[in-house]
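Architecture at a glance
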Amino acid sequence: MESKQRSEGAGGATPPPIDWGAGRYERTAAQLLPVAELVVERAAIRPGERVLDVGCGTGNAALAAAARGASAIGVDPAARLLEVARARADEGGLDATFVAGDAASLPVDDAGAEAVLSVFGVIFAPDPPAAAREMARALAPDGRIVLAAWIPGGAISQVNRISREAVMRILGAPPGPPPFPWHEPDALAALLGPHGFAVDVEEHPHAFTAPSAREFLATEWENHPVAAAGRKILDREPGAADNVLRQALAVLEEGNEAADGLRVTSRYVIATARRS
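Summarised in this report is the structure supplied together with it. Here the residue numbering is sequential within each chain, running from 1 through the sequence in written order. This being a predicted model, a pLDDT of at least 70 is required before a residue's local features are given, and a value of 80 or more before pairs of side-chain atoms are given or counted; all residues contribute to the totals for chains, interfaces and linings. Excluded from the side-chain calculation are hydrogens and water; included are all heavy atoms of the structure.

So, the sheet that holds strand β4 (residues 71-76)
Which entries qualify depends on this criterion: Two strands are said to pair when DSSP picks up at least two bridges between them. Each helix is a run of H or I in the DSSP string that is no shorter than four residues. Each strand is a run of E no shorter than two, and both are numbered from the N terminus. Fitted lines through C-alpha atoms serve as axes, helices being fitted only where they are in contact, and the angles separating the N-to-C directions of these axes extend from 0 to 180 degrees. Residue contacts are counted whenever heavy atoms from the two residues lie within 4.5 Å of one another.
If you trace the 7 strands from one edge of the open sheet to the other, you get β5-β4-β3-β6-β7-β9-β8, paired in mixed fashion. The outermost strands of the open sheet, each flanked by one partner alone, are β5 (96-100) and β8 (197-210). Neighbouring strand axes in the sheet, compared pairwise and without regard to direction, differ in orientation by 20° on average. Two elements, strand β3 (residues 50-54) and β4, share 5 bridges in a ladder whose sense is parallel. Bridge pairing links Arg50 to Ser71 in β4. Helix-sheet contacts for helix α3 (residues 60-67) involve β3, β4, β5 and β6 (113-119), and the interaxial angle to β5 is about 155°.

Okay, structure coming up:
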């Protein structure tokens with residue numbers, strides 16, 4: 001995720017991997033804190049348990065687990081976000097450690113955690129089967145995996161699609177295969193079932209709010225790592241970024257649920273996997 005190299009293929013260039021340390025992802029992480037707290041609640045974290053947060057970012061889930069008395073380890077490839085998470089742990093006096101790593105090679109011992117959590121983190125893993133193997137390896141026999149994954153659809157999803165399609169067009173690249181559907185029960189069962197897990201999935205809404213659609217878009221455009229990666233490509237073509245922003249603003253305004261300010265709802269799942 002931290003590489004900025006670009007590869008050439010038969011269909012043209014491919015987008016560089018996202019550097020999640022770019023921009024100010026902590027602004028987005030603050031918006032997603034309620035989801036992390038709900039994941040920790042669903043995982044029923046108990047004092048003294050060992051908890052692993054995969055793709056921890058700024059540490060939301062790991063810190064919420066530590067606040068319940070757990071000993072938490074957060075793993076993420078973005079060095080800057082790990083520093084933010086460590087500072088938050090120090091400030092709160094919480095038992096949480098943050099280390100560099102990725103979902104395909106978790107830097108933890110076998111059966112090293114009673115709970116493995118991931119809040120919109122492992123869903124970005126380039127190799128879902130490898131991530132599943134590693135989470136299963138890291139989990140104690142009677143433990144549980146609890147993860148949050150977005151459900152495609154809604155205004156935010158449409159805004160992301162507009163930007164992604166514009167980037168791929170400029171690169172002259174084919175759309176590529178769809179991402180692994182972490183939100184689908186059957187797909188999760190096929191992914192985790194071979195490791196002995198049964199999976200339960202529940203849906204939830206999450207509302208993004210801001211004083212206005214224009215302010216929300218400007219803040220995300222400036223601070224979100226995905227937007228930062230996209231801007232580098234869009235800036236190669238005059239007017240491309242402005243066109244994406246115009247379309248995105250129209251989508252947000254059309255999808256706005258609030259009479260005053262902005263409120264747009266995205267849906268997500270919390271999936272809980274236990275060995276059957």
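Back to the write-up after that little detour.
Digging into helix α8 (residues 213-223)
Quick reminder: α-helices carry 3.6 residues per turn. Residues three or four places apart thus point the same way. Condition: The buried label goes to any residue with under 20% of its type's maximum accessible area, the exposed label to any with over 50%, and the partly exposed label to all in between, with areas taken from a 1.4 Å probe on protein chains only.
Among the residues making up α8, those that are buried are Ala213, Phe216, Leu217, Glu220, Trp221 and Asn223. Those residues of α8 hidden inside the fold are in contact with α1 (25-31), α6 (155-171), β8, α9 (225-234), α10 (240-255) and β9 (262-275).

Focus: the side chain of Glu26
The criterion, for reference: Definition of a polar contact: a pair of N or O atoms within 3.5 Å, with one able to donate and the other able to accept a hydrogen when the atoms are protein atoms, and with sequence-neighbouring residues admitted only if both atoms are side-chain atoms.
Relative to the assigned elements, Glu26 resides in helix α1. There is a polar contact of 2.8 Å between the side chain of Glu26 and the side chain of Arg80. Among all residues touching Glu26, those that are not within four sequence positions of it are Thr58, Arg80, Leu81 and Val84.

Overview of the side chain of Glu220
To keep things clear, this is the line we draw: Positive charge is attributed to Lys and Arg, negative charge to Asp and Glu, and no charge count is given to His or to the chain ends. For this document, the term salt bridge refers to a Lys or Arg side-chain nitrogen within 4 Å of an Asp or Glu carboxyl oxygen.
With respect to the helices and strands, Glu220 occurs in helix α8. Buried Glu220, no salt bridge; nearest opposite-charge side chain is Arg27, N-O distance 6.2 Å. Among all residues touching Glu220, those that are not within four sequence positions of it are Thr28, Gln31 and Ala227.

Side note on the packing of α8 against α9
As a reminder, the rule being used: Roughly parallel covers angles under 35 degrees, roughly antiparallel covers those over 145, roughly perpendicular covers 65 to 115, and oblique covers all other angles. In this classification, Asp, Glu, Lys and Arg are treated as charged, Ala, Val, Leu, Ile, Met, Phe, Trp, Tyr, Cys and Pro as nonpolar, and every other residue, Gly included, as polar.
Where α8 contacts α9, the two axes come as close as 6 Å, and the packing angle between them is 80°. By the angle between their axes, α8 is roughly perpendicular relative to α9. Between α8 and α9, the contacting residues are Glu220, Trp221, Glu222 and Asn223 on the first element and Pro225, Ala227, Arg231 and Leu234 on the second. Its residues assigned to classes, the contact of α8 with α9 comprises 4 nonpolar, 1 polar and 3 charged.

Any link to function would need more than the numbers given here.
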